[in-house]
Structure formats: C-alpha cells, structure tokens
Amino acid sequence: MPDVPRAEAEALSEGLDRRLVAGLSLIGLAATEAVEDRSETAVQIAAAAEVYAHQEGIVNVYSDETPGHEFVDQARAALSPDDVARATEAGRRLTIKEALELSSIRT
C-alpha cells in the first residue's frame, strides 16, 4: 500500500467527515420535519439523504445517539403507501440545496 503524506490523509479524512456530517444533518432535518407533522417533506428529505449517502459512499448510521431514523419511520407510517412512494421518488431527485430549501427550518 502506498504511503500517503500526512497532510493528504488529513485532508481526505476531513472531506469524509464533512460528507458524513452533511448526510447526518439531512437525516436530522428529515426527523425535524416528521416531528412537526410534515411527513411528506420528512420522507422527501430522508430519500435525498439516502441518495447523497450512496453517491458519496458513506453510510448514515442510526444508533441510540442519532434517533432520526425512528422519526422518519413514523413519518412514513403516517402516509399511505402511495404517498410514501411518491414522496420517496420526489426526494430522490432533489439536490442537497433543494432538500435544504424544502425544510421548514430557516435561519
């Protein structure tokens, strides 16, 4: 295995960290939308997060420390199967910027 200079390794790690944080942040936004009874939006943002994670080669890990998955599951359960399918398909087509704009959270 070739040696990777320390600075280059740190830059790669930092890039991965940023992508991971972005993916988890999208799941957090989806969970917030679910808690605010905006189930369709929650499912769309969660689908965008899944696509982003796949494209970036990261895994959005769910654990006790990141309960967003539970809220997104509740949002899916609140919708009909057809509405879940439509929201998921719409979310898969969103860019990260569009997913962020879809969220009701504004700064």
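Residues numbered from 1 in each chain as written. Predicted model: local features only at pLDDT ≥ 70, side-chain atom pairs only at ≥ 80, totals over all residues. Heavy atoms only, no water.

Engineer: Pulling in residues and values, what's your account of helix α3 (residues 68-78)?
Structural biologist: Side chains that are three or four residues apart share a direction in an α-helix, a result of its 3.6 residues per turn. Among all positions in α3, only G68, V72 and A75 are buried. Down the axis of α3, the buried set is contained in an arc of 55°. They therefore lie on one face. (Buried < 20%, exposed > 50% of the residue type's maximum accessible area, 1.4 Å probe, protein only. Helix = DSSP H or I, 4+ residues; strand = E, 2+ residues; numbered from the N terminus. Arc of directions from axis to C-beta.)

Engineer: Which residues make up the side chain of T88, and what are the values?
Structural biologist: Turning to its location among the elements, T88 is positioned in helix α4 (residues 81-92). In this structure, T88 is in contact with V43 and A47, ignoring residues within four places of it in sequence. (Contact = heavy atoms within 4.5 Å.)

Engineer: Account for the confidence of the model for the protein, naming residues and giving values.
Structural biologist: The predicted model of the protein has a mean per-residue pLDDT of 77, with 64% of residues at 70 or higher. Taken element by element, the protein is modelled with least confidence in helix α1 (residues 6-35), mean pLDDT 66, and with most confidence in α4, mean pLDDT 97. (pLDDT = per-residue confidence, 0-100.)

Engineer: Hey, could you go over the side chain of T41 for me, with residue numbers and the actual values?
Structural biologist: Summarising the element assignment, T41 is placed in helix α2 (residues 39-56). You can call T41 buried: its relative accessible area is 17%. Leave out the neighbours within four places in its chain, and T41 touches E33 and L102.

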